[in-house]
Every structure is written in C-alpha cells, then in structure tokens.
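Structural description and commentary
Chain by chain, the residues:
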Amino acid sequence: MKSTLLASSLALAGICAVPAIAADAEVSIDFKSAYVATGATCLDGWVAMPNLRVGGIKAGETEIPISFDVWGCMDLEGYDDYVVDEEGNEYKFKNNQHKRRFEEIDLEVDLDLGALWKPDEDFSWSIGYLEYDYPGYDWKADNLIVFSMGYDCWLNPSFKAKYRVGGDSKGKLEAGFEIGHSETIAEGTAVGDIGIGVSADIWYVNNDDVDGSDLDSGLACADVTAKLTVGKCYVGCTYVAQIDDDVLTDDAYDVEWIASFGAAYGF
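Below you will find a few notes about this structure. (Residues numbered from 1 in each chain as written. Predicted model: local features only at pLDDT ≥ 70, side-chain atom pairs only at ≥ 80, totals over all residues. Heavy atoms only, no water.)

Observations concerning the overall build of the chain
Looking only at helices and strands, the chain has two helices and 17 strands in total. What you see for the chain is a C-alpha radius of gyration of 20 Å, in line with the 18 Å of a compact globule of 267 residues. Principal-axis analysis of the C-alpha atoms gives the chain an extent of 70 × 45 × 35 Å. Counting contacts in the chain only where the partners sit at least 6 residues apart, residues at least 24 apart contribute 52% of the total. (Helix = DSSP H or I, 4+ residues; strand = E, 2+ residues; numbered from the N terminus. Rg over C-alpha atoms; globule rule 2.2 N^0.38 Å. Contact = heavy atoms within 4.5 Å.)

Looking at a nonpolar patch on the surface
Among the surface-exposed residues, Trp154, Leu155, Phe177, Ile179, Ile202, Tyr204, Leu219 and Ile243 lie close enough to one another that they form a single nonpolar patch of about 710 Å² accessible area. If you list the elements that add at least two residues to the nonpolar patch, you get strand E13 (173-189) and strand E14 (192-206). Relative to the helices and strands, tryptophan 154 is located in the loop between strand E11 (142-151) and strand E12 (158-166). On the basis of relative accessibility, which here comes to 58%, the residue tryptophan 154 falls in the exposed class. (Patch = residues over 30% accessible without salt bridge, like charges linked within 9 Å, V, L, I, M, F, W, Y side chains within 5 Å. Areas by Shrake-Rupley, 256 points an atom, 1.4 Å probe, with all protein chains shown as cover. Salt bridge = Lys/Arg side-chain N within 4 Å of Asp/Glu carboxyl O. Buried < 20%, exposed > 50% of the residue type's maximum accessible area, 1.4 Å probe, protein only.)

Examining the environment of alanine 241
You can see alanine 241 is positioned in strand E16 (residues 233-242). Along the backbone, alanine 241 and valine 255 are 14 residues apart, and their C-alpha atoms lie at a distance of 9.3 Å. Once residues within four sequence positions are removed from consideration, alanine 241 is found in contact with Ala220, Cys221, Ala222, Asp223 and Tyr253.

Some details on the nonpolar core
Within the largest apolar cluster, 11 residues are counted, these being Ala34, Trp203, Val205, Ala220, Cys221, Val240, Val247, Leu248, Tyr253, Val255 and Ile258. Breaking this core down by element, the ones donating at least two residues are E14 and strand E15 (218-230). Membership of the second largest hydrophobic core comes to seven residues, among which are Tyr35, Val47, Met49 and Trp71. (Core = buried A, V, L, I, M, F, W, Y, C linked by side-chain atoms within 4.5 Å.)

Some points on the pairing of strand E9 (residues 101-112)
Two strands pair when backbone bridges link them, and strand E6 (residues 66-75) and E9 are joined in this way by 10 bridges, in the antiparallel orientation. Residue pairing for E9: methionine 74 is matched across the bridge by phenylalanine 102. As defined by bridge partners, E9 adjoins strand E10 (residues 123-133) across eight bridges and the pair is classed as antiparallel. Looking across to E10, one finds that aspartate 106 is bridged to tyrosine 132. (Pairing = 2+ DSSP bridges.)

Regarding the environment of aspartate 208
Within the secondary structure layout, aspartate 208 lies in the loop between E14 and E15. Overall, the relative accessible area of 57% leaves aspartate 208 in the exposed class. C-alpha separation for the pair aspartate 208 and leucine 173, spaced 35 residues apart in sequence, amounts to 9.0 Å. At 2.8 Å, the side chain of aspartate 208 and the side chain of serine 217 are in polar contact. (Polar contact = N/O pair within 3.5 Å; in protein donor to acceptor, adjacent residues only side chain to side chain.)

Comments concerning the side chain of aspartate 106
Following the sequence through the fold, aspartate 106 ends up in strand E9. Lysine 162 provides the closest opposite charge to the buried, salt-bridge-free aspartate 106, at an N-O distance of 7.3 Å. The residues touching aspartate 106, leaving out its near neighbours within four places in the chain, are Asp69, Val70, Trp71, Leu130, Glu131, Tyr132 and Asp133. (Lys, Arg positive; Asp, Glu negative; His and termini not counted.)

Regarding a negative patch on the surface
On the surface, a cluster of negative charge is contributed by Asp208, Asp209, Asp211, Asp214, Asp216, Asp245, Asp246, Asp250, Asp251 and Asp254. By relative accessible area, aspartate 250 is classed as partly exposed at 49%. (Charge placed at Lys NZ, Arg CZ, Asp CG, Glu CD.)

A closer look at the packing of aromatic side chains
All chains considered together, the criterion is met by 10 aromatic pairs. Considering the side-chain rings of tryptophan 46 and phenylalanine 261, the 6.0 Å spacing of their centres and the 50° angle between planes classify their relative orientation as tilted. In this pair, tryptophan 46 sits in the loop between strand E3 (40-43) and strand E4 (47-59) while phenylalanine 261 sits in strand E17 (residues 257-266), placing the two residues 215 residues apart along the sequence. Accessibility expressed as a relative area gives 39% for phenylalanine 261, which makes it partly exposed. Aromatic side chains tyrosine 137 and tryptophan 139 sit 4.2 Å apart centroid to centroid with 25° between the ring planes, which places their arrangement in the stacked category. One aromatic cluster is present, built from ring pairs that chain together Trp117, Phe123, Trp125 and Phe147. Here lysine 227 stacks its cationic end above the ring of tyrosine 234, 4.4 Å away from the centre of that ring. (Phe/Tyr/Trp six-rings, centres within 6.5 Å; stacked < 30°, edge-to-face > 60°. Lys NZ or Arg CZ within 6 Å of the ring centre and 35° of its normal.)

Things to note about the pattern of salt bridges
It is possible for side chains of opposite charge to pair when their charged atoms get near one another. Counted by the stated rule, this structure contains four salt bridges. Between arginine 164 and aspartate 142 there is a salt bridge, with its nearest N and O atoms 3.3 Å apart. One end of the pair, arginine 164, is in strand E12; the other, aspartate 142, is in strand E11, with 22 residues separating them in the sequence. No difference in accessibility class separates arginine 164 from aspartate 142, as the two residues are buried.

What about unusual backbone geometry?
Non-glycine residue threonine 38 carries a positive phi angle of around 50°. By the secondary structure assignment, threonine 38 is in the loop between strand E2 (35-37) and E3. Accessibility expressed as a relative area gives 17% for threonine 38, which makes it buried. Backbone geometry places asparagine 156, a non-glycine residue, at a positive phi of 45°. With respect to the helices and strands, the residue asparagine 156 is situated in the loop between E11 and E12.

And the structure:
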C-alpha cells in the first residue's frame, strides 16, 4: 500500500482530539451484500463497512469548521474469481485470499464552506481532501479533491464531485446528484422511532483525462435505495442500474441488487 499519509495524519490527529475538544462524533457500521462504487463491483460478497466521523471541534469557544472521516471496507467471505483453461473454458471459484481483511481504507478531511459564506440556513457545502488506501496491495493510494453541497428540504437534493489528483486513475472525475425523503411513521416505541426512506442518485464519470483509459465519458449508473429504520438501526435494499456500457462496462457491472443493514451512534 502506497500512501501519501496526508489524510492519514490529519484524520488521526482529528480522532485523537475527540475526547478533549470535539463537540460531536458518530460511529457507524454497515453490512452489505456487495461493495459497489459508481456502479462498478469491487467485491461481490458480504462486506463490513465501519465508519467514524468527527466534527464540531473547538478551540476555546470557537468552533473549527473542519471534520474528519475514517471509513473501511472488510471482505467477509471472499470474492468470486475466474480462471480460463487452455481450451478457453471459464471457471468460477471463490477467492479467499483477502477474506476478513480490509480491502480499502478511506481517510477524508473536509472544510465546511458554510462557516465562510452561507446564502441560506438550509444550504450546506464543503470541500475536502480524500485518500483511498488499499492494505495488502502494492497499489498507489488514490488522492482526490471532493466538493459537495446540499439543501435541507422535502427532497433533500445534494450534489457531490470527486476529482482524482493522484493515483493510477489520475484525472478521473465523478459527479453525482441525489434526492431523497424520509418519514417517521412511529415515535417513542420500545425500540425507538421507526421510519422509512427512499433515495435515488445518478452518476456522471469523465475519463477523458485519465492516461491509458479506453473508457468513454458520460452517465455511468443510477441507484435507488429504500430503507427501514428502527431506532439507531436500519435495513435496506439498493438497485443499481447501468446506463452506458461504454462508461460502466459489462465486465465491471456484476451486481444489480444490494442488501444492507447497520447501525449508527452519535456522541
């Protein structure tokens, strides 16, 4: 694993500051039947995705508009691999080489631009640095600049763009637009509030500036997710739709349906 250590160092510093000066933090874990990123299947079996986000850091009475995020993806059951014999026959088998190991660790540092200028109380936007690290592999870390903005209303529209400034896919741009709505259907039950939610997003990918890439640029995929929340836990299901097979190839698009469940706790 080759890492620049920039995001790693900053994220670690932010996490170590939690007990002393952080006003809020959230720890969560998701279990999913596959790991899919921008429509492309990274792992086609069950994975665990723990996450820690730290924000609200203060210097005295002054809140610092910076947040830190650490996320990981652990392969729980191995992944489907393929081998082709001398006669051209393809055989599928379960590759357990990285079973119960972290396949990816992401480290992110974000600046809340709303602390500098905010046209509306319900509007939010931020810019940050994100690093994808790959434990166990001799791969370069991917380094990205991330921009996001959203508006808190009934459909909660949001936009996110990720541009790779380092790594093997340097120059790649991914931009996604999402809408979603959730409702509480029962409050104060023995297991907490119960709610339902639906969201949908669509992703555009630009590969024009990626050296050696033969992929087109355009709309790659669209996702639709439904969730049932019970207290701090949830169960959900996502459908991933391929839009353009010259952007999201048939080889990369292996999984259409993703089951998920998890929990989150803020403190």
